[in-house]
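Residue-level listing of the chains:
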Amino acid sequence: MIQMNIMLNPNRGLWPELCQRPVMDNAALTPLVADIMNQVKLFGDKALLELNETIDGVKRCALRVSDEEWEIAADGLNSSLKAAMQTAFGNILAFHRAQVPANIEVQTMPGIRCSRQWLPLQRVGLYIPGGSAPLCSTVLMLAIPALVAGCSEVVLCTPPNQSGNINPAILYAARLCGVTAVYKCGGAQAIAAMTYGTDSIPRVDKIFGPGNQYVTKAKQLAALEGMAIDMPAGPSEVMVVVDKTSNASFAAADLLSQAEHGADSQVVLLSNNVEKINEVLTEVGEQLQRLPRKAIALAALTNCRCIVFDEEEILVDFMNAYAPEHLILAIENPELRSAQVRNAGSVFLGPYTPEAAGDYATGTNHTLPTNGAARAWSGLGVESFMKSITFQSLTQQGLESIGNAVMELAKAEQLQAHSNAIAIRLATFQKNNDAKI
């Protein structure tokens, strides 16, 4: 059994500490990343090629993926992986098509009509990490809602290997989802390219996608300059809630599937039954031995928290206080408990709903708020790739109806010109009426 400290009924005074995620001090990254971004801002493609070579060891090559490279990727990928992507594509597309927000129009008073209309962002930028585990599933999760939203251009940056090639699974997923162009560029320099634009890579309206600490810092710096980004990013996390009815091997597998993401992944096991906690930990120890990424998962488990609350109401309060990115309710009557969820990125109900299913192919999006941001942020959806504009139209009757109220409010705020904008029109109406008499 994995030896972990099990906390029994911790009092509420300890909850803020228990809800803290380990924080990496990346203050030293700021000047490094700022310098990278400034180089790209000043020197464009030249800087990108130099940074690709010095940071990633990539030989000089064209930044944009050619049509021929797209075709080679499609032809070379095995049919079973293509079929899996197509299954995931269909489910993600179906779920996201149902999310398209509706335009509204309301008559707030006679003669006053207000409307809100949704429009797609014109050009969006997707960042996809490369390396030993290219995230082709993240291409689907980012590009499909952009496709559904109707974005005119979808550009994707991802680091190539040292030979200057992009993983074919990433290229196939991008082609499947209608990505406009793929560029061989990774790290902070890719974020800078999409923020400022270069001769090859266009400036985008909003940047999406995960990445390492350099990418995260670059997105933060880009946001300070007015670039829109998807959401606050941090290490991935899961909270698994179990009770006496739970299948311990299922719960252990779910914990480990999260832990293998990285040493900084966050794993929390929550229950009202200490015996079940011990049973799950025994399973974790046994399953861990069979994992290729055992060392990574074990490092993540050192930050694991196992917490028991005897009272269901308090357990639910802590669950919501933690606000996990992924919440697995592996308990009896999970639908009943789900009605009490207030803070979570995505919720997985029952023993046959592992997080892995949602990560890849159920249809929900796996780009979710971490580090407690689920208290205020939603996961990625179609609306993330859209913006809304409000419109209003007043007739003479409408302006006369609210004119005095507007002038009174403007007077209270000492904004005389605001009041005059109403008064001059009302005076014109009165003058016209007098002329008719």
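Scroll up for the structure.
Residues numbered from 1 in each chain as written. Predicted model: local features only at pLDDT ≥ 70, side-chain atom pairs only at ≥ 80, totals over all residues. Heavy atoms only, no water.

Brief notes about the packing of aromatic side chains
The full count for this structure, using the stated rule, is six aromatic pairs. On the basis of an interplanar angle of 10 degrees and a centroid distance of 3.9 Å, the ring pair of Phe208 and Phe385 is categorised as stacked. Taken as a pair, Phe208 in strand β7 (residues 206-208) and Phe385 in the loop between α14 (355-360) and β14 (386-394) lie far apart in primary sequence, 177 residues in all. We classify Phe208 as buried; its relative accessible area is 0%. In this structure an aromatic cluster arises from ring pairing among Trp15, Phe309, Phe318 and Tyr322. Lying across the ring of Tyr322, Arg21 places its NZ or CZ 3.7 Å from the centre. (Phe/Tyr/Trp six-rings, centres within 6.5 Å; stacked < 30°, edge-to-face > 60°. Helix = DSSP H or I, 4+ residues; strand = E, 2+ residues; numbered from the N terminus. Buried < 20%, exposed > 50% of the residue type's maximum accessible area, 1.4 Å probe, protein only. Lys NZ or Arg CZ within 6 Å of the ring centre and 35° of its normal.)

Quick notes on the nonpolar core
In this structure, Val124, Leu126, Ile144, Cys151, Leu156, Val182 and Phe385 are the most contacted members of the largest nonpolar core, which totals 43 residues. Secondary-structure elements contributing two or more residues to this core are α3 (67-76), α4 (79-97), β4 (123-127), α5 (136-149), β5 (153-158) and α6 (168-176). Once residues within four sequence positions are removed from consideration, Cys151 is found in contact with Pro120, Leu121, Gln122, Val124, Ala146 and Phe385. Core analysis: the next-biggest nonpolar cluster, separate from the first, contains 29 residues, Ile36, Val40, Leu48 and Ala218 among them. (Core = buried A, V, L, I, M, F, W, Y, C linked by side-chain atoms within 4.5 Å. Contact = heavy atoms within 4.5 Å.)

Concerning the pattern of salt bridges
Considering all chains together, one arrives at eleven salt bridges under this definition. Of the charged contacts, one joins Arg12 and Asp317 as a salt bridge, the two residues approaching to 2.8 Å between their closest N and O atoms. Of this pair, Arg12 sits in the loop between β1 (6-8) and α1 (15-18) while Asp317 sits in helix α12 (residues 312-322), placing them 305 residues apart in sequence. In this structure, Arg60 and Glu53 form a salt bridge, with 3.0 Å as the shortest nitrogen-oxygen distance. Residue Glu53 is classed as partly exposed on the basis of its relative accessible area of 39%. (Salt bridge = Lys/Arg side-chain N within 4 Å of Asp/Glu carboxyl O.)

What to know about the sheet that holds strand β2 (residues 104-109)
Here we have three strands laid out as an open sheet, ordered β2-β3-β14, and antiparallel in their pairing. Whereas interior strands pair on both sides, the edge strands pair on one side only; in this sheet they are β2 and β14. Along the sheet, successive strands turn relative to each other by an average axial angle of 20 degrees, direction set aside. The pairing of strand β3 (residues 112-120) with β14 spans nine bridges and is antiparallel. Bridging from a neighbouring strand, Cys114 pairs with Gln392 of β14. Along the sheet, helix α15 (residues 396-412) contacts β2, β3 and β14; its crossing angle with β14, the most-contacted strand, is approximately 90 degrees. (Pairing = 2+ DSSP bridges. Axes fitted to C-alpha atoms, helices over the stretch in contact; angles between N-to-C directions.)

Overview of the pairing of strand β6 (residues 181-184)
The two faces of β6 match: Ala181 and Tyr183 on one face and Val182 and Lys184 on the other face are all buried. Sheet topology places β5 next to β6; four bridges connect them, and they run parallel. Paired with Val155 across the strands is Ala181, a residue of β6. Once the chain exits β5 it traverses α6 before rejoining the sheet at β6, and the crossover so formed is right-handed. (Right-handed = clockwise from strand over helix to strand, strands pointing away.)

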